[in-house]
Structures are given as C-alpha cells and as structure tokens.
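Observations on the model geometry
Residues per chain are reported as follows:
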Amino acid sequence: QAQLVETGGGAVQAGGSLKLSCVASGSITGIYPMRWYRQPPGKPREWVASIDTGIKTDYVDSVAGRFTISRDNRKNTVHLQMNSLKPDDTAAYYCWMGVGGFDYWGQGTQVIVSA
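Everything in this summary refers to the structure shown in the same document. Keep in mind that this is a model prediction, so the values were computed, not measured.

**Concerning the overall build of the protein**
- A count of helical and extended segments in the protein gives zero helices and 11 strands.
- In the protein, the order of α-helices and β-strands from amino to carboxyl end is β-β-β-β-β-β-β-β-β-β-β.
- With the C-alpha coordinates of the protein rotated into their principal frame, the extents come out at 40 × 25 × 20 Å.
- Within the protein, the fraction of its 115 residues that count as buried is 43%.
- Of the contacts made within the protein by residues no fewer than 6 positions apart, 53% connect residues no fewer than 24 positions apart.
- Within the structure as shown, the protein displays about 6100 Å² of accessible surface, and the carbon and sulfur contribution to it stands at 52%.
- Distance between charge centroids for the protein: 4 Å, based on 11 positive and 9 negative side chains.

Below, the structure written as structure tokens:
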C-alpha cells in the first residue's frame, strides 16, 4: 500500500508561480513512475506531466515550457513547479504513482489562478 499527499496549492494571480509537492509513504519501497494530473471545474481529469524512474520527463503541450516536474528519491517526493500561471490552469491537481499495475492517487490540492 502507498499513500500520496499533495501540498502547495493556493490562489495566485495570472503570471504567478506555485510549487506543488507530493510525498509518497507506506509499505511500498522502490522508485516508480509518477505523474501529475489536474481536473478543471466541470471538466474531466487530464494528464499534465510525467517523470520516469530517472530524469525523463514529459508534458502536455499546454504547460510545456511553464511547468517543471522533478523528483527527490531520497525523500520519496515529486514536485511540480508551475510558472507563468494562467486562469486556464485553475484546477484540482492530483499526484499519481504506478506500482505493478496498481494506480495510487493523492487527495488533490486546489490551484486557483485569477486574471
């Protein structure tokens, strides 16, 4: 079993920055691929960024160049640095970890970007 806890959400004006963090804990050991997803109000959840067990990253086009995903394996933590935020980035952001075919999700953290 694994538990994921996201922090760092909040309200910011357009053009601002936020850094989300997701800490993994529980009985599972090892390093696994991790992702960030988001769910805007009234819309389905969408993938935002991925990082594999090393340093390979990938981003949805709408955030590429503005968001950076990174991980600290010693602290079982993945981060999402979000710069140049836009109102369209307003959403609940969720952390995901895949372990042997099982999906683990955090509870989400809210990001609100005002114009």
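**Section: the packing of aromatic side chains**
- Tallied over the entire structure, the rule returns one aromatic pair.
- For the cation-ring pair, R35 lies above W96, with the distance from its terminal atom to the ring centre recorded as 4.0 Å.

**Concerning the side chain of T109**
- Looking at the secondary structure, you find T109 in strand β11 (residues 109-114).
- With relative accessibility at 11%, the residue T109 sits in the buried group.
- Of the polar contacts made by the side chain of T109, one reaches the backbone nitrogen of G9; its length is 3.1 Å.
- Setting aside anything within four residues of it in sequence, one finds T109 in contact with E6, T7, G8, G9, L20, A91, A92 and Y93.

**A word on the environment of V5**
- In this structure, V5 sits in strand β1 (residues 2-7).
- In the structure, V5 is positioned 20 residues away from S25 in sequence and 8.5 Å away in space, judged by C-alpha atoms.
- Ignoring anything within four residues of it in the chain, the contact list for V5 reads S21, C22, V23 and Q107.

**Focus: the state of the cysteines**
- A complete count under the given rule lists one disulfide for this structure.
- At a sulfur-sulfur separation of 2.1 Å, the disulfide partner of C22 is C95. Here the S-S torsion is close to -80 degrees, and the disulfide linking C22 with C95 is therefore left-handed. Placement of the pair is C22 in strand β3 (residues 18-26) and C95 in strand β9 (residues 91-99), with a sequence separation of 73 residues. The burial state of C22 is the same as that of C95; both residues are buried.

**Digging into the environment of D61**
- Topologically, D61 is positioned in the loop between β6 (57-59) and β7 (67-72).
- Remark: the alpha-carbon pair of D61 and V48, spanning 13 residues in sequence, is separated by 8.7 Å.

**Some remarks on the nonpolar core**
- In this structure, W36, L80, M82 and Y93 are the most contacted members of the largest nonpolar core, which totals 28 residues.
- Those elements giving two or more residues to this core turn out to be β1, β3, β4 (34-39), β5 (46-51), β7, β8 (77-82), β9 and β11.
- In terms of residue count, β9 provides more of this core than any other element does, five residues in total.
- When neighbours within four sequence positions are excluded, L80 is seen to be in contact with L18, K19, L20, W36, V48, A49, F67, T68, I69 and Y93.

Definitions and cut-offs
Residues numbered from 1 in each chain as written. Predicted model: local features only at pLDDT ≥ 70, side-chain atom pairs only at ≥ 80, totals over all residues. Heavy atoms only, no water. Helix = DSSP H or I, 4+ residues; strand = E, 2+ residues; numbered from the N terminus. Buried < 20%, exposed > 50% of the residue type's maximum accessible area, 1.4 Å probe, protein only. Contact = heavy atoms within 4.5 Å. Areas by Shrake-Rupley, 256 points an atom, 1.4 Å probe, with all protein chains shown as cover. Lys, Arg positive; Asp, Glu negative; His and termini not counted. Charge placed at Lys NZ, Arg CZ, Asp CG, Glu CD. Phe/Tyr/Trp six-rings, centres within 6.5 Å; stacked < 30°, edge-to-face > 60°. Lys NZ or Arg CZ within 6 Å of the ring centre and 35° of its normal. Polar contact = N/O pair within 3.5 Å; in protein donor to acceptor, adjacent residues only side chain to side chain. Disulfide = S-S within 2.5 Å. Core = buried A, V, L, I, M, F, W, Y, C linked by side-chain atoms within 4.5 Å.

From the geometry alone we can't say anything about function, so treat these as descriptive.
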